[in-house]
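Chain by chain, the residues run as shown.
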Amino acid sequence: MTGGEALVAELAEHGVDTVFGIPGTHNLAAYAALSRYGMRHVLVRHEQGAGYAADGYARSTGHPGVVLTTTGPAILNAAAAAAQAYSDSIPVLFISPGMPLRHPGRGNGLLHEIKDQGAAMASVVAYSHRVTSVEEIPLAVAQAFAAMSTGRPRPVYLEIPLDLLEESAEVGLIPPVSAGVLSAPAELVRQAGTALASAERPLLLVGGGAKGASAQVKAIAEALGAPVFATSNGKGTFPEDHVLSVGAGLQHRAVHDAVDDSDCVLAVGTELAPSDWWSGLPDFTGKLIRIDVDATSIITNAVPALALVGDSAEVLDELVQTLHGRKTDGAARARQWRTRVQEEARIEGEPWLEILAALAEVLPRDAIVAADSSMSCYYGALSNLQLFRPGAFLYPTGVGTLGFGLPAGIGAKVANPGAPVVVLQGDGGIMFTVAELATAAELGIALPVVIVDNGGFGEIRNEMADRNDPVHAVRLGHPDFPALAESLGCHGVRVNSADDLAAALKTALSSDRPTVLHIREQSRAATAMA
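Figured I'd write up the structure that's included with this text. (Residues numbered from 1 in each chain as written. Predicted model: local features only at pLDDT ≥ 70, side-chain atom pairs only at ≥ 80, totals over all residues. Heavy atoms only, no water.)

Quick look at helix α14 (residues 353-362)
Residues separated by three or four positions in an α-helix point in the same direction, a consequence of the helix having 3.6 residues per turn.
For step 1, the next point in the chain: Buried residues of α14: Leu353, Ile355, Leu356, Ala358, Leu359 and Val362, and no others.
For step 2, the next point in the chain: Its buried side turned inward, α14 meets α13 (331-348), α15 (375-384), β15 (421-426), β16 (448-453), α21 (498-508) and β18 (515-520). (Buried < 20%, exposed > 50% of the residue type's maximum accessible area, 1.4 Å probe, protein only. Helix = DSSP H or I, 4+ residues; strand = E, 2+ residues; numbered from the N terminus. Contact = heavy atoms within 4.5 Å.)

Take a look at the structure:
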């Protein structure tokens, strides 16, 4: 078979049924094989959109997303999405052709020639690999999936010289590797259980690495009677209406105070990153127990008293057994901290509370919210909108890219066609990937896209003002988003009140196509830039 077919056949061997990308002159041999293996292709409008869509697919399912681009500028367009996936530990396989196997080392001006695209991608993914034969292609794909399913999941880049995609050879497909579940040493689990059992004021910190351990998080939280705090990527892993849930968002002063008040902190699947703790980490000295699949991450940012390296679900299952049926009612403590966090969150998110109330009124428990790095998301939805399922809040935490929400929502809807998916964006961020409205329209998916419009880059405007700097280069005006949506094949609705938003959302969730819901925000930033 050709190299292009070998690539697609091995993807199918690993259960891939959806690929996000754009065909180009150099990758046609791979595209020729997609339908032969029953592979669904989602045609995006920009390769960055392909990366974010594959990311949303992976975040909402736990299964790797796949991106297929052509050479040079196409794969570089996807690099920002690869960096975001790396930062947030999301398994996405990025694939593109490269220059021919015997291409001159210093180049000769071939179409799409890049000095070293593999090196460029190596700087933003777990590893970058260029194959050197058709026979190696299945092995390279299998190795990529093995890497993404072992330890901390991160994106991988695979480059196939364009001449190898057309070349034929006899190849053998490689079945997926079944990796064993990593468990922490029994003695360390026992020590952790003893420390937790004797704690009078334990608390849990739950990150994105705990998404596959939702049941186990619930079991240990209830056994300990421990309030549960979640990072942005851990949001929804522990249902936010549970009596022990404090909610998501670790930036609040009350969270620091809760850690200070505790005598034992169990952190599960979180790197304790500054991008979650905006004003710095509290003092965990002597009371921190960490569970993480990554032995490097488990000692980064805060060195724990006990480090349990292993799969979150496996370690928590073992840990809860050491508690010998301890049952402590921590509802009162959780309520105390929840009240304080919610007070701070409501002040921080005040401009968006009516919008979020409308979302809460309409969204069912299995809803997924694809958010962007916008004020309405990190000040608003993160701590003020309750969600109830793992992977319910798709948010670009670490790298913090703009434009993530819309294509991530498309990827999540493609992966979860029966689940309600809503996109929440700012007017600045949506313009980075607004062309993907055409992708969503072509797919015919019911996808409400809520655009909260403050007329520009409101966060940066506020930072300039707070520094007493000249306020400039942040005003974007107010594009006619509903008209733009309709021109790209979507519905477009102007929303004037929270009541209007709730009604429009109900309609949009069962529509025959995406619906853009445009809301003009009246806030400090919007007033200053009007």
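Here's the deal with the sheet that holds strand β11 (residues 288-292)
For step 1, the next point in the chain: Overall, parallel pairing links the six strands, which are arranged β9-β8-β7-β10-β11-β12 in an open sheet. The sheet is open, and its two edges are formed by β9 (245-248) and β12 (306-309), each paired on a single side. Averaged over all adjacent pairs, the angle separating strand axes in this sheet is 15°, with direction ignored.
For step 2, the next point in the chain: Relative to strand β8 (residues 228-230), strand β7 (residues 202-206) runs parallel, the two being bridged by three bridges. If you follow Leu204 over to β8, its bridge partner there is Val228.
For step 3, the next point in the chain: Packed onto the sheet, α13 meets β7, β8 and β9 and runs at close to 30° relative to β9. (Pairing = 2+ DSSP bridges. Axes fitted to C-alpha atoms, helices over the stretch in contact; angles between N-to-C directions.)

Some words on the pairing of strand β3 (residues 65-68)
For step 1, the next point in the chain: The alternating pattern of β3 places Gly65 and Val67 on one face and Val66 and Leu68 on the opposite face, and all of these are buried.
For step 2, the next point in the chain: As defined by bridge partners, β3 adjoins strand β4 (residues 92-98) across four bridges and the pair is classed as parallel. Each residue of the ladder has a partner; that of Val66, found in β4, is Leu93.

Overview of the sheet that holds β4
For step 1, the next point in the chain: Within the open sheet, the six strands sit side by side as β2-β1-β3-β4-β6-β5. Their pairing is parallel. Looking at which strands have only one partner, the edges of the open sheet turn out to be β2 (40-43) and β5 (127-130). Here the strands of the sheet are splayed against their neighbours by 25° on average, with no regard to which way each runs.
For step 2, the next point in the chain: As defined by bridge partners, β4 adjoins strand β6 (residues 156-161) across six bridges and the pair is classed as parallel. In the strand pairing of β6, Pro97 is matched with Ile160.
For step 3, the next point in the chain: Each of β3, β4 and β6 touches helix α1 (residues 3-13); the most contacted strand, β4, lies at about 170° to it.

Quick look at the pattern of salt bridges
For step 1, the next point in the chain: Evaluation of the coordinates by the stated rule reveals 21 salt bridges.
For step 2, the next point in the chain: Arg59 is the partner of Asp88 in a salt bridge, and the nearest nitrogen-oxygen pair spans 2.8 Å. Separated by 29 residues along the polypeptide, Asp88 in the loop between α5 (79-87) and β4 and Arg59 in helix α3 (residues 47-61) bring together distant segments of the chain. Of the two residues, Asp88 and Arg59, both sit in the buried class.
For step 3, the next point in the chain: The shortest N-O distance in the salt bridge between Asp260 and Arg253 comes to 3.9 Å.
For step 4, the next point in the chain: Accessibility expressed as a relative area gives 43% for Asp260, which makes it partly exposed.
For step 5, the next point in the chain: Several salt bridges share partner residues, and in doing so they unite Arg253, Asp257, Asp260, Arg340 and Glu344 into one network. (Salt bridge = Lys/Arg side-chain N within 4 Å of Asp/Glu carboxyl O.)

Quick word on α15
For step 1, the next point in the chain: Taken across its 10 residues, α15 has nine buried, putting it largely inside the fold.
For step 2, the next point in the chain: Those residues of α15 that sit buried are Met375, Ser376, Cys377, Tyr378, Tyr379, Gly380, Ala381, Leu382 and Ser383.

Points about the pairing of β15
For step 1, the next point in the chain: For β15, a buried count of six out of six residues is recorded, marking the element as mostly surrounded by other parts of the structure.
For step 2, the next point in the chain: Burial of β15 is two-sided: the residues Val421, Val423 and Gln425 facing one way and the residues Val422, Leu424 and Gly426 facing the other way are all buried.
For step 3, the next point in the chain: When strand β13 (residues 368-371) meets β15, the two strands line up parallel, connected through four bridges. Considered in β15, the bridge of Ile368 is made with Val421.
For step 4, the next point in the chain: The pairing of β15 with β16 spans four bridges and is parallel.

Regarding the packing of aromatic side chains
For step 1, the next point in the chain: Using the criterion set out here, one finds eight aromatic pairs in the structure.
For step 2, the next point in the chain: A ring pair is formed by Trp278 and Tyr378, whose centres lie 6.2 Å apart and whose planes are at 85°; its orientation type is edge-to-face. Of this pair, Trp278 sits in the loop between β10 (264-268) and β11 while Tyr378 is found in helix α15, placing the two residues 100 residues apart along the sequence.
For step 3, the next point in the chain: On the basis of relative accessibility, which here comes to 39%, the residue Trp278 falls in the partly exposed class. (Phe/Tyr/Trp six-rings, centres within 6.5 Å; stacked < 30°, edge-to-face > 60°.)

Looking at the packing of helix α10 (residues 214-224) against helix α12 (residues 312-321)
For step 1, the next point in the chain: Packing of α10 against α12 leaves a shortest axis separation of 9 Å and a crossing angle of 30°. Viewed along their axes, α10 and α12 adopt a mutual orientation that is roughly parallel. In this structure, α10 crosses over α12, and the sense of that crossing is left-handed. Where α10 abuts α12, its residues Gln216, Val217, Ala219, Ile220 and Ala223 lie against Ala313, Leu316, Asp317, Leu319 and Val320. (Parallel < 35°, antiparallel > 145°, perpendicular 65-115°, else oblique. Left-handed = near helix turned anticlockwise from the far one by under 90°.)

Description of a negative patch on the surface
For step 1, the next point in the chain: On the surface, Glu350, Glu354, Asp499 and Asp500 cluster together into a negatively charged patch.
For step 2, the next point in the chain: In this structure, Asp500 sits in helix α21.
For step 3, the next point in the chain: We classify Asp500 as partly exposed; its relative accessible area is 38%. (Patch = residues over 30% accessible without salt bridge, like charges linked within 9 Å, V, L, I, M, F, W, Y side chains within 5 Å. Areas by Shrake-Rupley, 256 points an atom, 1.4 Å probe, with all protein chains shown as cover. Lys, Arg positive; Asp, Glu negative; His and termini not counted. Charge placed at Lys NZ, Arg CZ, Asp CG, Glu CD.)

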